[in-house]
Amino acid sequence: MFELLDYPFMQRALLAALLIGVAAPAVGIYLVQRRQALMGDGIGHVALTGVALGFLFESSPVWTAVAVSALGAVGMELLRASGRARGDIALAMLFYGGMAGGVMIINLAPGGSTANLTSYLWGSVTTVSPDDITAITLLSAFVVLVALGLRRQLFAVCQDEEFARVTGLPVRALNLLLAVTAAATVTVAMRVVGLLLVSALMVIPVVAAQQVTRGFATTLAAALTIGVLVSVSGTATSYYQDVPPGATIVLLAIGVFVLAALLAVPLARLRARRARPATPGAGSDRDPALAARP
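Bear in mind that the values here come from a model prediction, so they are computed numbers and not experimental data. Along each chain, numbering runs from 1 in the same order as the chain's sequence is written. For a predicted model such as this one, the threshold for reporting local features is a pLDDT of at least 70, and the threshold for listing and counting side-chain atom pairs is 80 or more; totals across whole chains, interfaces and linings nevertheless cover every residue. Note that water and hydrogens are dropped before the side-chain values are worked out from all heavy atoms of the structure.

A. Region of interest: the overall build of the protein chain. Comment: elements are numbered from the N terminus, with helices defined as DSSP H or I runs of at least four residues and strands as E runs of at least two. Of the regular secondary structure elements, the protein chain holds 12 helices and zero strands. Reading the protein chain from its N end, one meets helices and strands in the order α-α-α-α-α-α-α-α-α-α-α-α. In this description, contact between two residues means that some pair of their heavy atoms is separated by no more than 4.5 Å. A sequence separation of at least 24 residues applies to 74% of the contacts in the protein chain between residues at least 6 apart.

B. Expanded view of the environment of Phe9. Turning to its location among the elements, Phe9 is positioned in helix H1 (residues 8-33). Along the sequence, Phe9 and Thr127 sit 118 residues apart, while their C-alpha atoms lie 6.9 Å from each other. Not counting the four nearest positions on each side in its chain, Phe9 is found in contact with Thr126 and Tyr239.

C. Examining the side chain of Ser238 more closely. Position of Ser238 among the secondary structure elements: in helix H11 (residues 216-241). Pairs of N or O atoms are called polar contacts if they sit within 3.5 Å, as long as, within protein, a hydrogen donor faces a hydrogen acceptor (for residues adjacent in sequence, only side-chain-to-side-chain pairs). A polar atom in the side chain of Ser238 sits 2.6 Å from the backbone oxygen of Thr235. Once residues lying within four places of it in the same chain are set aside, the contact partners of Ser238 are Val243, Pro244 and Pro245.

D. Main features of the confidence of the model for the protein chain. Looking at the protein chain as a whole, its pLDDT mean stands at 83, while 90% of the residues score no less than 70. Confidence, expressed as mean pLDDT per element, reaches its minimum in the protein chain at helix H5 (residues 118-122) with 79 and its maximum at H11 with 92. Confidence scores per residue from the predictor, reported as pLDDT, run from 0 to 100. Under a pLDDT of 50 for its full length, residues 282-294 has, in the predicted model, eight contacts with residues more than four places off or in other chains.

E. Broad picture of the packing of aromatic side chains. Pairing of aromatic side chains here covers Phe, Tyr and the six-membered ring of Trp, requires ring centres within 6.5 Å, and sorts the geometry by plane angle: under 30 degrees stacked, over 60 edge-to-face, intermediate tilted. In this structure the tally under the stated criterion is six aromatic pairs. Taken together, a centroid distance of 4.9 Å and an interplanar angle of 55° make the contact between Phe155 and Phe216 tilted. Of the two residues, Phe155 sits in helix H7 (residues 151-159) while Phe216 sits in helix H11, which places them 61 residues apart along the sequence. Connected via pairs of aromatic rings, a cluster forms that spans Tyr7, Phe9, Tyr239 and Tyr240.

F. Structural context of the nonpolar core. Only buried Ala, Val, Leu, Ile, Met, Phe, Trp, Tyr and Cys residues count toward a nonpolar core, and they belong to the same one when joined by side-chain atoms within 4.5 Å. When a residue's accessible area, from a 1.4 Å probe over protein chains only, is under 20% of the maximum for its type it is buried; when over 50% it is exposed; and in between it is partly exposed. If you look at the biggest cluster of nonpolar residues, it comprises 81 residues, and the most contacted ones within it are Ile20, Ile43 and Met202. With 14 residues, H1 is the single largest residue contributor to this core. Not counting the four nearest positions on each side in its chain, Met202 is found in contact with Ala24, Pro25, Val27, Gly28, Ile29, Leu31, Gly40, Ala182, Thr185 and Val186.

G. Structural context of helix H10 (residues 198-212). With 11 of 15 residues buried, H10 is to be regarded as a mostly interior element. Those residues of H10 that fall on the buried side of the exposure criterion are Val198, Ser199, Ala200, Leu201, Met202, Val203, Ile204, Pro205, Val206, Ala208 and Ala209.

H. The arrangement of unusual backbone geometry in detail. The backbone of Glu58 sits at a positive phi, close to 55°, despite the residue not being glycine. Assessed through its relative accessible area of 64%, Glu58 is described here as exposed. Positive phi values are uncommon outside glycine, yet Asp242 reaches one of about 55°. Within the element layout of this structure, Asp242 appears in the loop between H11 and helix H12 (245-275).

I. Broad picture of the side chain of Thr181. On the secondary structure map, Thr181 appears in helix H9 (residues 171-189). Ignoring anything within four residues of it in the chain, the contact list for Thr181 reads Val27, Phe142, Val143 and Val146.

J. Geometry of the packing of helix H3 (residues 61-82) against H9. H9 packs onto H3 with a crossing angle of 145° between their chain directions and a minimal axis gap of 8 Å. At the point where H3 passes H9, the crossing takes the right-handed sense. On H9, the residues touching Val62, Ala65, Val66, Ser69, Ala70, Ala73, Val74, Glu77, Leu78, Arg80 and Ala81 of H3 are Arg172, Asn175, Leu176, Ala179, Val180, Ala183 and Thr187. Classification used: nonpolar for Ala, Val, Leu, Ile, Met, Phe, Trp, Tyr, Cys and Pro, charged for Asp, Glu, Lys and Arg, polar for all others including Gly. Partitioned by chemical class, the residues of the contact of H3 with H9 number 12 nonpolar, three polar and three charged. Axis lines are fitted through C-alpha atoms, for helices just across the contact stretch, and the angle between N-to-C directions can take any value from 0 to 180 degrees. Two helices that cross are described as forming a left-handed crossing if the nearer one is turned anticlockwise from the farther one by less than a right angle, and a right-handed crossing if clockwise.

K. Quick look at the packing of H11 against H12. In the contact formed by H11 and H12, the axes pass within 8 Å of each other and the chain directions differ by 135°. By the criterion of interaxial angle, the relationship of H11 to H12 is oblique. Considering only the axes of H11 and H12, their crossing is right-handed. Every residue of H12 that contacts H11 at Ile226, Val230, Ser231, Ser233, Gly234, Thr235, Thr237 and Ser238 is listed here: Pro245, Thr248, Ile249, Leu252, Ala253 and Val256. Here is the rule for angles: anything less than 35 degrees is roughly parallel, anything more than 145 is roughly antiparallel, 65 through 115 is roughly perpendicular, and the remaining ranges are oblique.

Structure follows, in structure tokens:
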């Protein structure tokens, strides 16, 4: 059962899956809260240009993707904050320009072709190198530090920007930091699930957790747990069944969401029954005011 741990490439693959399983939902919960669930998908389009630049300059595609996607994420946030009526058109041009730029640049790279982008588009966790692990570890640490260390401030900003601004929080700086953190998460996840599926791992564990939890802290904990479980189990399944790891991880996440949705109704009824004030029975000497319990 654990023979996959005998191979260094699977050790790296499982470690990468574990890290992204924590990082993606940690950022995704804020994107879901502010109704920007597809922001990860947009950043993934832009990151493709960064990957291609890595091949062009013969450097690590991960770090060039971080730089380009961070600039793209900041641009998206500035467009969103400006509130311009035609901001959606500018965002569409940014998304598809990133894809087109990636395809064009990769063909200019020495020995480059669109085939070089395949593992980044769909993920190839089993080909993660030691250098990739170093980059993924550093970026994941940054993401978790921001997402958990500033959770109160980020929650306040995502919940109500005007209220957060009145309380003295640096709303613009926090929004830009969240955008950069989302960009870092995308570049981490591209080696695991791919740029075209990265948004799923950021969003689905969060919405699955929301089906069965109440409150931000419990939802965050449940989302992180789901993210780790589907990432690690999907990677292991891909080894034993010889199936694409990225697609396996996303399908497992969808399966968990369906299960959580089925459990949501009976859980809601159970909570309502517990919250409903108890009716004093015949012969009961209990004070009705004390019968109601949370």
